[in-house]
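Reading the structure
Chain by chain, the residues:
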Amino acid sequence: MQEKKDATFSYQFPDGDRRLAFSRQSSFRHWDPPLPSPSPSPSPSPLLRSHSFKPYLARSDSTVGMPLLEKPGQKDATWVALILAAVRGVANGSRPMKRLALMISLNVAYSMIELLLGLFTGRVGLVSDAFHLTFGCGILTFSLFAMGISRKKPDETYTYGYKRLEVLAAFTNALFLLFLSFSLAVEALHAFMQDESEHKHYLIVSAVTNLLVNLLGVWFFRSYARVNIVYWKPEDMNYHSVCLHVLADSIRSAGLILASWFLTLGVENAEVLCLGIVSVAVFMLVLPLFKATGSILLQIAPSNIHPSAFNKCSRQIASLEEVLEVSQARFWELVPGYSIGSLSVQVKKGVHEDRILQHVNGLYNDLGIQDLTVQIDYK
Amino acid sequence: MERHNSPASASHSQVIEVNIDIDRDASSFPPISNPSPTSNNKACRGGTCDLSYSKDSPERWDSMRKLVIAVVLCIVFMTVEVIGGIKANSLAILTDAAHLLSDVAAFMISLFSLWAAGWEANPRQSYGFFRIEILGALVSIQMIWLLAGILVYEAIVRLIHDNGEVKGFLMFAVSAFGLVVNIIMALLLGHDHGHGHGHGHDHGHGHGHGHDHDHGHGHGHEHTHDHGHNHEHEHMHGHGHEHQHEDQDHEANTFPTKHQHDHSHSNDMKESLIKKGNKKPKRNINVHSAYLHVLGDSIQSVGVMVGGAVIWYKPEWKIIDLICTLIFSVIVLLTTIKMLRNILEVLMESTPREIDTTQLEKGLCAMNGVVAIHELHIWAITVGKVLLSCHVIIAPDADADRVLDEVLGYIRRDFNISHATIQIERH
């Protein structure tokens with residue numbers, strides 16, 4: 001199930017002629033960790049050198065590795081500086097980032113208007129809708145933040161880099177959607193028990209506007225508008241979660257509009273029905289994403305590799321004559337597309353480790369494990 | 001050692017045999033069932049057991065027991081409130097009952113996380129299920145935020161519906177009752193919090209007697225409890241780095257006190273370890289998140305009480321109610337920030353705060369035969385369980401076995417990281 005990369009997401013030459021900028025990056029392939037000792041020898045075999053990352057300038061990058069945001073947690077960063085940095089980060093960011101920022105600002109503006117209107121005219125429904133929107137915006141802002149910061153290079157504390165944040169943002173989005181579906185179910189129950197149906201009518205305008213804004217968002221991220229996606233890069237998860245978020249919101253607005261219409265038609269319990277359907281729909285929509293992100297965060301073995309492949313690899317290693325035993329093989333996914341593993345190999349005494357390391361690394365690289373640490377014990 | 005399961009059964013969860021041999025430094029690790037003296041496996045001395053709780057780990061059962069008691073109490077109070085609310089036909093009481101329901105939900109999440117963390121590791125979930133604790137805590141905290149938002153929304157609704165529907169007195173009474181309930185549960189769950197200053201290794205005894213021995217993970221005043229905990233704590237705390245551990249303690253107010261305790265006991269290493277085991281309540285993150293939830297609820301109850309009192313006395317000062325609620329909600333959110341930061345750091349696979357990487361690197365590079373290290377990754381599977389992986393480049397003539405032993409020993413002794421995977425490469 002290849003997902004098509006359509007021309008909308010053309011990152012190679014987004015703005016201006018940056019073609020030569022790629023080659024000017026001298027260190028875009030390696031990462032030299034800060035070491036107090038002399039740097040590693042100049043000529044180990046490439047496999048042993050085992051860099052932690054593929055080239056930083058992946059297809060989705062359109063900037064050239066500039067530090068986009070200040071490191072979070074710096075106590076002396078003033079608010080103004082942070083906001084400026086954020087704006088700069090978004091302006092330099094990739095196209096999905098810009099679109100997401102646009103959507104978020106639309107949503108924020110709209111919810112502010114709704115809140116003020118609701119406060120002044122005294123309509124509770126508007127206020128509750130505004131709150132709902134604000135929560136959603138907050139989560140989307142976190143996604144945006146994750147997009148921006150995920151391109152920072154790994155440093156002392158975050159030795160694996162910041163890409164995990166995208167997975168986390170996707171998980172938070174999925175969690176929020178689960179809460180949403182639950183609260184819609186509660187609302188349906190409430191409407192069922194209360195048997196009042198007056199408060200949906202004047203929300204039509206707001207629901208329609210909400211629907212339009214969210215449909216715009218779905219259009220922006222339309223290549224991710226599916227329930228089951230194979231994730232190739234960490235950004236995939238983030239974009240998917242954003243798309244599902246706006247999709248769920250638009251389904252909810254559509255449901256409200258539909259319920260209102262049914263009520264005018266005189267259908268009994270229309271609200272309960274529509275809210276119930278929407279709740280179930282959102283739940284089914286978000287469950288695969290939730291499971292996928294959850295399994296990455298839980299350090300489950302990479303899902304794109306079948307467990308029997310792992311067994312086969314370990315048996316292949318164990319079948320070498322110098323190897324006595326393979327144990328403690330653990331694998332996990334840092335982000336979709338990048339897997340890390342560690343294992344322990346017992347060998348007979350006196351065997352040179354180079355060959356074994358190369359062999360083991362080669363085997364697991366074929367599987368898709370990019371980063372492997374092999375501990376060789378001599379019997 | 002773990003053996004790889006046959007492919008036919010790879011899809012089922014397997015029980016992984018753990019054969020460990022008691023090595024030279026056996027004093028640091030508890031004896032595990034099935035020690036095998038034949039294999040000379042250095043890979044995970046006393047460690048694989050670490051990746052899946054033994055079923056009768058006292059800490060876990062204590063935490064679970066606490067939470068179960070809290071859940072039962074909550075449900076009892078909730079039914080009382082629901083009955084009272086239906087009888088009095090008051091929305092305020094029912095709303096408060098709904099808040100208690102959210103408490104129950106949070107406790108359920110924590111309980112589930114605690115229970116699930118004890119599942120045995122399988123090849124698919126090779127690090128055990130400890131991460132579930134962290135995710136459960138994350139979900140709990142998101143719920144706290146959600147509830148804070150709902151409360152602010154309710155305050156705004158009260159502001160809008162200012163035609164006397166809201167009875168200030170009723171609001172006040174109901175939230176006072178909710179506050180009392182929450183305080184009881186806070187005391188039950190997080191007893192060591194308020195008395196941190198008194199918790200030296202001796203004072204802990206005094207407090208312990210009033211409650212059952214559950215609450216203090218590190219405060220076992222029964223001596224048998226003590227020894228059981230010692231080993232656990234030696235697992236988790238490097239004695240050279242007690243300061244960083246204190247950083248990680250969730251109670252900021254106990255931080256300075258514990259420092260002083262440290263300095264006074266650092267002379268004798270062995271003894272200080274035992275004493276530290278006594279006074280360091282390494283609270284389970286799920287119990288702590290449930291405690292935060294309850295604390296947040298009590299803070300918000302105070303806010304609602306103030307709002308109710310204001311509306312009761314002067315119904316025209318509605319705006320103060322909203323302002324109060326906003327302030328208290330912000331306070332609640334601030335209490336969750338520290339825990340959220342911890343959770344975030346674990347989920348991002350970052351180096352735990354208590355490990356000093358520069359010292360580790362320096363120490364490793366200073367060893368005989370070690371030329372350089374690179375690809376050093378230290379990360380935690382949950383708060384307190386740290387793993388390390390590293391590539392060590394040694395001189396061409398060095399003995400790889402010996403260097404491996406030394407490196408592993410150094411890491412385990414000084415930093416108490418029991419799961420280290422070292423790849424030795426030659427120059």
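Report on the accompanying structure. Owing to the predicted nature of the structure, the values given are computational and were not obtained by experimental measurement.

Criteria and cut-off values
Residues numbered from 1 in each chain as written. Chains lettered and ligands numbered in written order. Predicted model: local features only at pLDDT ≥ 70, side-chain atom pairs only at ≥ 80, totals over all residues. Heavy atoms only, no water. Pairing = 2+ DSSP bridges. Helix = DSSP H or I, 4+ residues; strand = E, 2+ residues; numbered from the N terminus. Axes fitted to C-alpha atoms, helices over the stretch in contact; angles between N-to-C directions. Expected span 1.5 Å × (residues − 1). Contact = heavy atoms within 4.5 Å. Salt bridge = Lys/Arg side-chain N within 4 Å of Asp/Glu carboxyl O. Buried < 20%, exposed > 50% of the residue type's maximum accessible area, 1.4 Å probe, protein only. Patch = residues over 30% accessible without salt bridge, like charges linked within 9 Å, V, L, I, M, F, W, Y side chains within 5 Å. Areas by Shrake-Rupley, 256 points an atom, 1.4 Å probe, with all protein chains shown as cover.

**Overview of the sheet that holds strand β2 (residues 338-347) of chain A**
All names here are of chain A. With respect to topology, 3 strands assemble into an open sheet ordered β1-β2-β3, the strand pairing being mixed. Bordering the open sheet on either side are β1 (323-335) and β3 (369-378), each of which pairs with just one other strand. On average, each strand axis in the sheet is tilted by 15 degrees relative to the strand beside it, whichever way the strands run. For β1 and β2, the ladder comprises 9 bridges, and the chain directions are antiparallel.

**Structural notes on helix α14 (residues 400-415) of chain B**
Over its 16 residues, α14(B) runs 22 Å from end to end, which matches the ideal 22 Å to within 8%, given 1.5 Å per residue. Contact partners of the buried residues in α14(B): α11 (353-367) and β3 of chain A together with α13 (357-365), β1 (370-382), β2 (385-394) and β3 (419-426) of chain B. Remark: B:Asn416 follows α14(B) within two positions and exhibits a positive phi of approximately 55 degrees.

**Here's the deal with the pattern of salt bridges**
Under the definition given, this model contains 10 salt bridges over all chains. In this structure, the salt-bridge partner of A:Arg252 is A:Asp129, at a minimum N-O distance of 3.1 Å. Of the two residues, A:Arg252 is situated in helix α8 (residues 234-265) and A:Asp129 in helix α5 (residues 124-149); the sequence distance between them amounts to 123 residues. Residue A:Arg252 is classed as buried on the basis of its relative accessible area of 9%. Residue classification places A:Asp129 among the buried residues on the basis of a relative accessible area of 7%. Residue A:Lys163 pairs with A:Glu235 through a salt bridge whose shortest N-O separation is 3.9 Å. One end of the pair, A:Lys163, is in the loop between α5 and α6 (164-194); the other, A:Glu235, is in helix α8, with 72 residues separating them in the sequence. Look at the salt bridges and you will find they share partners, linking A:Arg164, B:Arg131 and B:Glu349 into a network.

**Focus: a nonpolar patch on the surface**
Residue and element names in this part refer to chain B. A surface patch of nonpolar side chains, about 380 Å² in accessible area, is lined by Val68, Val72, Val76, Val80 and Phe177. The element best represented in the nonpolar patch is helix α1 (residues 58-88), accounting for 4 residues. Considering the arrangement of structural elements, one finds Val72 in helix α1. Given a relative accessible area of 47%, Val72 falls into the partly exposed group.

**Structural notes on unusual backbone geometry**
Within the chain, A:Gln299 stands out as a residue other than glycine whose phi angle is a positive 60 degrees. Looking at where A:Gln299 falls in the secondary structure, it is placed in the loop between α9 (270-297) and α10 (307-318). A positive phi angle is found at B:Glu349, which is not glycine, with a value near 55 degrees. Of note, B:Glu349 is situated in the loop between α12 (318-347) and α13.

So, to be careful, I would describe these as geometric facts and stop short of saying anything about function.
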